[in-house]
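# Fold and contact review
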There are 2 protein chains.
Amino acid sequence: MGLPSTLSGVLAFDVGGTDMKVGIVTGDPHGTDIAVKDLQRHPTPLDGERSGDTVCARIVELTGEYRAAHPDITITSVGVTVPGIVDEVNGIGVFSANLGWRDYPFTATLTQALGLPVAFGHDVSMAGEAEFRIGAAVGKRDVLVLVIGTGIAGAILCDGRRIAGDGYAGEIGHAMVPAPDGSLVILESLGSAGAIARRYAQASGTPVEGARSVLEKSQAGDAIAQQIWADAINALAFSIAQCVSILGTETVVLGGGLSMSGAALIDPLAARVDELLTFHRRPQYVHAVLGENAGLIGSALKAHTLTEPAKA
Amino acid sequence: MGLPSTLSGVLAFDVGGTDMKVGIVTGDPHGTDIAVKDLQRHPTPLDGERSGDTVCARIVELTGEYRAAHPDITITSVGVTVPGIVDEVNGIGVFSANLGWRDYPFTATLTQALGLPVAFGHDVSMAGEAEFRIGAAVGKRDVLVLVIGTGIAGAILCDGRRIAGDGYAGEIGHAMVPAPDGSLVILESLGSAGAIARRYAQASGTPVEGARSVLEKSQAGDAIAQQIWADAINALAFSIAQCVSILGTETVVLGGGLSMSGAALIDPLAARVDELLTFHRRPQYVHAVLGENAGLIGSALKAHTLTEPAKA
């Protein structure tokens, strides 16, 4: 009690196509006192096929800066999340269209450079992991986490275990859905916040700031906005119903910018999913609760499993 | 060598909507010497909501007959598979449209009546389990087993584990696919052997014996048969591509009557799935190898896990 307490934490990096977020995640990994300290955002140092090297070098540099800035906190491990196809088991960034690497050994490179345990994973999978373990889906066994923003990505829990598929699972944003004209397109091209804004601008000739603005126009009676919003709902419902049919999904966690639309999203979505199912059970819909730091928190949770004794 | 050997086996029942198959499954559950002895087929005793009771009574009766007929074989356990929604963990037949029961406690009822360990499961899931463990998908981790006959059912392996979804997983035959007219219909209504024969008869006014006959007409230049075969391929490919996108499926095991079409099914199917994917990995297609006794064998494999010490 009288001794100075030493705080420990995981330094977590969420590497995106433009920025990388960094922060120290502290708190009990099983509990509710998780916090992200000194959250920073830095440009991702892109260098084509050599981006794996430049990103790792920047991570090493920033780790040094965080250690210097926070002498009171013991950094016990590092968590790193990246987009694209990720081989979590072997710690490899298999492929990222936006960042350029192919088969880059992140875990091996960073473990050697930092001398710390490194938890490496896919950004949306790790965000899903966080929602499964301490967020919106605690206690659920069959879950789809849909992160709906500029694009759409998913994380999937079946029978209480997150599905990896060697890094290929969760690419629901690139699954086919029927378009209004009868063609087949990827879910992302109709159901994402980015697509909603882009399609409205194309159809109306009026640029809009984002999907929220299209929703507002829709609610104000704009027929074009109503159609585009309905197209998005239909596309999202189609993909959710696929998961329910194939996997028995019981809980859908909605995250990303579009999930902020609340009942205007969830009510018609649930109604449309219901129409697409027969004897299947109906899923419940819940909001993601960990916000935009879910990826950082998920990688920290994974990092804890590297440094803590295993628990049943 | 000189002593009389005592054979042991699992008495396995595959209960269908019309018939129930019964046989003694012998052999090493990890090996290749699995055999089904004295395979019999009996009418399923249907009695509406009381079908759970009548089916269990018949299983008890048949167990007595098999014991009397095979005094040289020690029946160590019983395996039972049923269609519909099955809660494997609690041994409950949750629901079967064709057989009539709701929440019937098969495992408890049979364990008490027989005094033997009872392995209870879903028919297609158990057939999938057999293909995963000793059949076409040995060594694979991300697998879709599609049993295409009168209807379509699936079994799904993710990251090396069969997905249960509380009994609701695998209902891919009732997942939506786009129909040729732009509407949404369930996969089974376009892609099953039953649908192919029925749709051809409706479109041509000429009854056919089965899907194989439609394929033969298609290969002989019948335009209606070609269209209906193409519709089936498109529907099956759509659902397979959903699994690849969502789960990273790497192996598709094709079983049931339609799989006997061989390359006439697989070649156009693989080509169409390829068109529906982008950066995803492409699945391999293999034939189910355990044939129509896969369900019996799968339930026997499950029964072995009840009576053998666990292995890692």
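Residues numbered from 1 in each chain as written. Chains lettered and ligands numbered in written order. Predicted model: local features only at pLDDT ≥ 70, side-chain atom pairs only at ≥ 80, totals over all residues. Heavy atoms only, no water.

All names here are of chain A. Within this structure, the stated rule accounts for 28 salt bridges over all chains. When the shortest N-O distance is used, the salt bridge between arginine 281 and aspartate 142 registers 3.2 Å. Highlighted residues: arginine 281 in the loop between helix 8 (263-275) and strand 15 (284-287) and aspartate 142 in the loop between helix 3 (123-134) and strand 9 (143-148), separated in sequence by 139 residues. Overall, the relative accessible area of 16% leaves arginine 281 in the buried class. Of the residues examined, aspartate 142 reaches a relative accessible area of 1% and is grouped as buried. Beyond isolated ion pairs, a larger network of salt bridges with shared partners links Glu88, Glu129, Arg133, Arg162 and Lys302. (Salt bridge = Lys/Arg side-chain N within 4 Å of Asp/Glu carboxyl O. Helix = DSSP H or I, 4+ residues; strand = E, 2+ residues; numbered from the N terminus. Buried < 20%, exposed > 50% of the residue type's maximum accessible area, 1.4 Å probe, protein only.)

The next point concerns helix 6 (residues 211-219) of chain A. Residue and element names in this part refer to chain A. Every buried residue belonging to helix 6 is among Ala211, Ser213, Val214, Leu215 and Ser218, and all of these are buried. Contact partners of the buried residues in helix 6: helix 5 (193-204), helix 7 (223-247) and helix 8. Positive backbone phi, approximately 105 degrees, marks glycine 221, located one or two places after helix 6. (Contact = heavy atoms within 4.5 Å.)

Time to look at the pairing of strand 1 (residues 7-15) of chain B. Residues and elements named next belong to chain B. Among the nine residues of strand 1, seven are classified as buried, and the element is accordingly described as predominantly covered. Where strand 1 and strand 4 (residues 73-82) come together, eight bridges link them in parallel fashion. If you follow glycine 9 over to strand 4, its bridge partner there is isoleucine 75. (Pairing = 2+ DSSP bridges.)

Only a minority of non-glycine residues have a phi that is not negative, and only a minority of peptide bonds are not trans. In this structure, A:Asp159 is a non-glycine residue whose phi angle is positive, near 50 degrees. Exposure remark for A:Asp159: the relative accessible area of 17% places this residue in the buried category. Its identity as a non-glycine residue notwithstanding, B:Asp103 has a phi of 50 degrees, on the positive side. Residue classification places B:Asp103 among the exposed positions, given a relative accessible area of 52%.

Looking now at helix 5 (residues 193-204) of chain B. Residues and elements named next belong to chain B. Given a rise of 1.5 Å per residue, twelve residues ought to cover 16 Å, and the 17 Å separating the end C-alpha atoms of helix 5 matches this to within 8%. For helix 5, the set of buried residues is Ala193, Ala195, Ile196, Ala197, Arg199 and Tyr200. In the core, the buried residues of helix 5 are packed alongside strand 9 (143-148), helix 4 (188-191), helix 6 (211-219) and helix 7 (223-247). Looking one or two places after helix 5, you find glycine 205, whose phi comes out positive at around 75 degrees. (Expected span 1.5 Å × (residues − 1).)

Attention now goes to the sheet that holds strand 14 (residues 251-255) of chain B. Residue and element names in this part refer to chain B. Spatial strand order, 11-10-9-14-15: five strands in an open sheet with mixed pairing. Looking at which strands have only one partner, the edges of the open sheet turn out to be strand 11 (161-162) and strand 15 (284-287). With two bridges connecting them, strand 10 (residues 152-158) and strand 11 associate as antiparallel partners. Looking at strand 11, one finds that leucine 157 is bridged to arginine 162. Along the sheet, helix 7 makes contact with strand 9, strand 10, strand 14 and strand 15, crossing strand 9 at roughly 160 degrees. (Axes fitted to C-alpha atoms, helices over the stretch in contact; angles between N-to-C directions.)

Across the contact, 37 residues belong to chain B and 37 residues belong to chain A. Carbon and sulfur atoms supply 64% of the area buried between chain B and chain A, which totals about 3,200 Å² over both sides. The largest contributions to the chain B side of the interface with chain A come from B:Tyr168, B:Ile246 and B:Phe279, which together make up 20% of the buried area. Our count for the contact surface shared by chain B and chain A stands at two salt bridges. (Buried area = accessible area lost by both parts, 1.4 Å probe.)

Residues and elements named next belong to chain A. Strand order in this open sheet of five strands is 3-2-1-4-8, and the pairing throughout is mixed. Every other strand in the sheet has two partners, leaving strand 3 (35-43) and strand 8 (118-122) as the edge strands with one partner each. Adjacent strand axes in the sheet meet at a mean angle of 20 degrees, parallel and antiparallel pairs treated alike. When strand 4 (residues 73-82) meets strand 8, the two strands line up parallel, connected through five bridges. Directly across from threonine 81, in strand 8, lies its bridge partner glycine 121. Across the sheet, helix 3 is in contact with strand 1 (7-15), strand 4 and strand 8; its angle to strand 8 comes to roughly 105 degrees.

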